[in-house]
Amino acid sequence: MTQDELKQAVARAARDYVADRLPVGAILGVGTGSTANFFIDEIAAIKGRLGGTVASSEVTARRLAGHGIRVLDLNDVDAMGIYVDGADEIDPGMSMIKGGGGALTREKIVAAVADTFVCICDASKRVPVMGRFPLPVEVIPMSSAHVARELAKLGGSPRLRDGFVTDNGNLILDVHGLSITDPVGLEDRINQIVGVVTNGLFARRGADVLLLAAPEGVLTFQR
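Predicted model, so just to flag it, every value in this text is computed and none were measured.

Our focus in this paragraph is the pairing of strand 9 (residues 171–176). Taking burial as the measure, the 6 residues of strand 9 include 5 buried ones, the bulk of the element. Summarising the sheet, strand 8 (residues 157–160) and strand 9 pair through 4 bridges and their orientation is antiparallel. Residue pairing in the sheet places S157 in a bridge with H176 of strand 9.

It is the contact of helix 2 (residues 34–43) with helix 3 (residues 58–66), at a shortest axis distance of 9 Å, that shows an interaxial angle of 25°. Considered as vectors, helix 2 and helix 3 are oriented roughly parallel to each other. You can see that helix 2 and helix 3 cross each other, and the crossing is right-handed. Judged by residue contacts, N37, I40, D41 and I43 of helix 2 engage T60, R63 and L64 from helix 3. The residue makeup of the contact of helix 2 with helix 3, split by class, is 3 nonpolar, 2 polar and 2 charged.

This next bit is on the sheet that holds strand 1 (residues 27–30). Taken in spatial order, the 6 strands line up as 2-1-3-6-12-13 in an open sheet, and their pairing is mixed. For this open sheet the edge positions go to strand 2 (52–55) and strand 13 (217–222), each flanked by a neighbour on one side alone. Within this sheet the neighbouring strands show an average axis-to-axis angle of 20°, counted without direction. Relative to strand 2, strand 1 runs parallel, the two being bridged by 4 bridges. In the sheet register, L28 faces strand 2, and the bridge partner there is T53. Each of strand 1, strand 3 (80–85), strand 6 (114–122), strand 12 (209–214) and strand 13 is contacted by helix 1 (residues 3–21), which is oriented at about 145° to strand 12, the strand it contacts most.

The rules behind these values
Residues numbered from 1 in each chain as written. Predicted model: local features only at pLDDT ≥ 70, side-chain atom pairs only at ≥ 80, totals over all residues. Heavy atoms only, no water. Buried < 20%, exposed > 50% of the residue type's maximum accessible area, 1.4 Å probe, protein only. Helix = DSSP H or I, 4+ residues; strand = E, 2+ residues; numbered from the N terminus. Pairing = 2+ DSSP bridges. Axes fitted to C-alpha atoms, helices over the stretch in contact; angles between N-to-C directions. Parallel < 35°, antiparallel > 145°, perpendicular 65-115°, else oblique. Left-handed = near helix turned anticlockwise from the far one by under 90°. Contact = heavy atoms within 4.5 Å. Nonpolar A, V, L, I, M, F, W, Y, C, P; charged D, E, K, R; others polar.

Take it as geometry only, folks, not as evidence of what the structure does.
Dropping the structure here:
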């Protein structure tokens, strides 16, 4: 199977997961990225069951609206049963690196509200130790040089994402060369650097369910 075929398969599995477990009229959180896009296209078939969605990026909001799916502001939502999103890497403890698409801050906010975080990805994203994929760190623009120096002290090689500005008007430093054996500790340490908005480690709020597309089918893992 091609990678797109794997993404399509896991998107269908996630649609069925939502249809089976999310009450009619409930709110669904929707992530950002190529796998999330396949998921958005799939849930168009069940949009009548949804009370609305919360998007983790402007790109996602536009794709949802293009299918006629109602998009709500998170501030208008009291509860969210399920949030579905992809990951750039996920380890056996269900911690993730996210933010390859640049939406890490809004993704982290939406994930914090959801009762259940469902990660959808293909088998290439499941790794024993995270760090091969560069760790995104969203920073206030005036702090980028300072934050880069502090990240280098942690053993990484930070590089400014060229020509990219987040939906929040900030910049992203992608940190290469890390071996992340303590995801929670590193997440906390980076977030304490002055000028950091947040980083792409989803460890304190990791995935509750992983739907993993493999050649033999979609596998389910739970925290």
